[in-house]
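Examining the three-dimensional arrangement
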Amino acid sequence: MRTAPAAVWTFLALAAALARPAAAATSGGAPISVTIQSIDVLSVTDSGPLNLQASAGSNVLSGPADSSARLNLSHNSATALRITAEVLPADDPPSQDITLTVSVAGGSGQKTLVLSGGAQGPQEVYSSIPAGVLTDKAVTYTASCTASGTKVSAATSFDFVVTFTTLN
Amino acid sequence: MLGGMLAIAAFRAAPALAAGTADVSVSGSWSQTIGATALVSGPGSDLTASYVGGPSDIVLAVTINGNHSWNVNVRRVDSLWNQNLNLYVQRTSDGTAGSGQVSGGTAYQLVTASDQLFFSGTKSQSGFAVQVKLDGVSLQVPPADYSTTLTFTVVAL
C-alpha cells in the first residue's frame, strides 16, 4: 500500500478550496423599472339649487343650505396639498346683491366666495392634505341676497361656477 | 494523523472541481408605468396595489458540465427603490431544452436584497420562463422612476 506524503494532500486540499469559489457561481441580471407618475386628481360634483325666499317685511332672502355636492381627491405629492375655491369674475352674475359661501366637510370651515355680488378670490377650503385620498367629502353651499339689491320681475335662477384648485 | 485529515478534506472538496463551469444566462426585462388611470375608482380612491408581468418576460438558461446539480438564487440589486414596493418572481416553465430535472420556484416568492434559493435542477437546461409581480403600490409611494435588477446566480453543487 502506498501513501502520499502529507505535503501532497495539503496541496490538493488547498487547490480544491481555492478552485471552488471561482467555478461555483455566476450571475446574470434582468432590469426592472417601475415609473410612478405624479398624480393630482380632484373632482367636485354639481350642487343642487339654493332657493331663496323672504319673509314678509324682510329685505333679506335666504334658504336652506345645499350639501349634495361631493369632493374627491387622490394625490401622491411629497408635499401636502391645499384646496382653494373661487368664483371667477366671469362666472359671477353681475349687478346682483348675492352672497355665496362654501365649506367642505373636514376642511377649513365656511368661506365666502361672493359677497354682495362681488367675487372674493381664491378661498382656502381644505389645508394640509398629505399624500392619499379625500373621499366623498360633502360640499355645502349657502346663499342669501337682498330684495333691494336683486331686482327681478319673476323667479330667476342665477348660476355660479365655483372652481376648486389644488395647490402646494 | 494529520495526513489522514488532509486526505479527507481533499476527498470532500474534489467534486467541486468537476462541477466546473456553471453559468446562467438571463434575457428579458420588465417595466411598469403607473399613473392616474391606475386609480381603483377614479378621484378619491387609491392606486391598484398589484401588477403582474407576462409569464415569460424573463428567460433563464443554465449551463453546467455533465450531470451535476445546481441551484439558482435570486436577489434584488437596487438603483432606486422604495421600501413599500415588493417584487416577487415565479418560474412559469420547466424549461424548453435539456434533459435534466428541475424543481421549486413555481410559487411567487419575495425578492430581497439577499440571495435566496429560487429553484434547483440538474444538467444544462434552457428556456426557464420567469414571471414578475409587483405589489405595495399606493399613493404613499412618491412619484419617481424606480429601478432594480433581478440578479440570478447559479451555484454548482
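Bear in mind the structure is a predicted one, so any value in this text is a computation, not a measurement.

With that out of the way, let us pick up the packing of aromatic side chains. Residue and element names in this part refer to chain B. Applying the stated criterion to the full structure yields 5 aromatic pairs over all chains. Looking at Arg91, its charged tip hangs above the ring of Phe119, at a distance of 5.3 Å from the centre. Sitting over the face of the ring of Tyr88, Lys133 holds its NZ or CZ atom 5.0 Å from the ring centroid.

Residues and elements named next belong to chain A. The volume enclosed by the largest pocket comes to roughly 890 Å³. If you trace the largest pocket, you find 29 residues lining it, with Pro49, Leu50, Phe158, Asp159 and Phe160 closest to the centre. Contributing elements (two or more residues each) for the lining of the largest pocket: β7 (98–104), β11 (132–146) and β12 (162–167). Residue classes in the lining of the largest pocket are distributed as 19 nonpolar, 8 polar and 2 charged.

With respect to the helices, strands and loops of the structure, Tyr108 of chain B is situated in the loop between β7 (102–103) and β8 (109–110). Separated by 80 residues in the primary sequence, Tyr108 of chain B and Gly28 of chain B place their C-alpha atoms 18 Å from one another.

Residues and elements named next belong to chain A. Counting buried positions over the 7 residues of strand β6 (residues 81–87) gives 6, a clear majority of the element. Of the pairings in the sheet, the one linking β6 to strand β10 (residues 123–129) comprises 4 bridges and is antiparallel in character. From the neighbouring strand, Ala85 faces β10, where its bridge partner is Gln123. Across 6 bridges, β6 lies against β12 in antiparallel orientation. Note that in β12 the partner of Arg82 across the bridge is Leu167.

Let's shift gears to the confidence of the model for chain B. Averaged over all residues, the pLDDT of chain B is 89; the fraction at 70 or higher stands at 87%. Across residues 1–19 of chain B the pLDDT falls below 50, and counting only partners more than four positions away or on other chains, this stretch makes 23 contacts in the model.

So, on to the sheet that holds strand β11 (residues 144–156) of chain B. With mixed pairing, 6 strands are arranged side by side in an open sheet as β2(B)-β1(A)-β11(B)-β5(B)-β9(B)-β7(B). Only two strands of the sheet have a single partner each, and these edge strands are β2 (30–34) and β7 of chain B. Across 2 bridges, the pairing between β7 of chain B and strand β9 (residues 116–122) of chain B is antiparallel. If you follow Ser103 of chain B over to β9 of chain B, its bridge partner there is Ser120 of chain B.

Basis of the calculations
Residues numbered from 1 in each chain as written. Chains lettered and ligands numbered in written order. Predicted model: local features only at pLDDT ≥ 70, side-chain atom pairs only at ≥ 80, totals over all residues. Heavy atoms only, no water. Phe/Tyr/Trp six-rings, centres within 6.5 Å; stacked < 30°, edge-to-face > 60°. Lys NZ or Arg CZ within 6 Å of the ring centre and 35° of its normal. 1 Å grid on protein atoms, 1.4 Å probe; cavity = no way out; pocket = protein on both sides within 12 Å on 5 of 7 lines; lining within 4 Å. Points joined across faces, edges and corners; volume = space filled by probe spheres on them. Helix = DSSP H or I, 4+ residues; strand = E, 2+ residues; numbered from the N terminus. Nonpolar A, V, L, I, M, F, W, Y, C, P; charged D, E, K, R; others polar. Buried < 20%, exposed > 50% of the residue type's maximum accessible area, 1.4 Å probe, protein only. Pairing = 2+ DSSP bridges. pLDDT = per-residue confidence, 0-100. Contact = heavy atoms within 4.5 Å.

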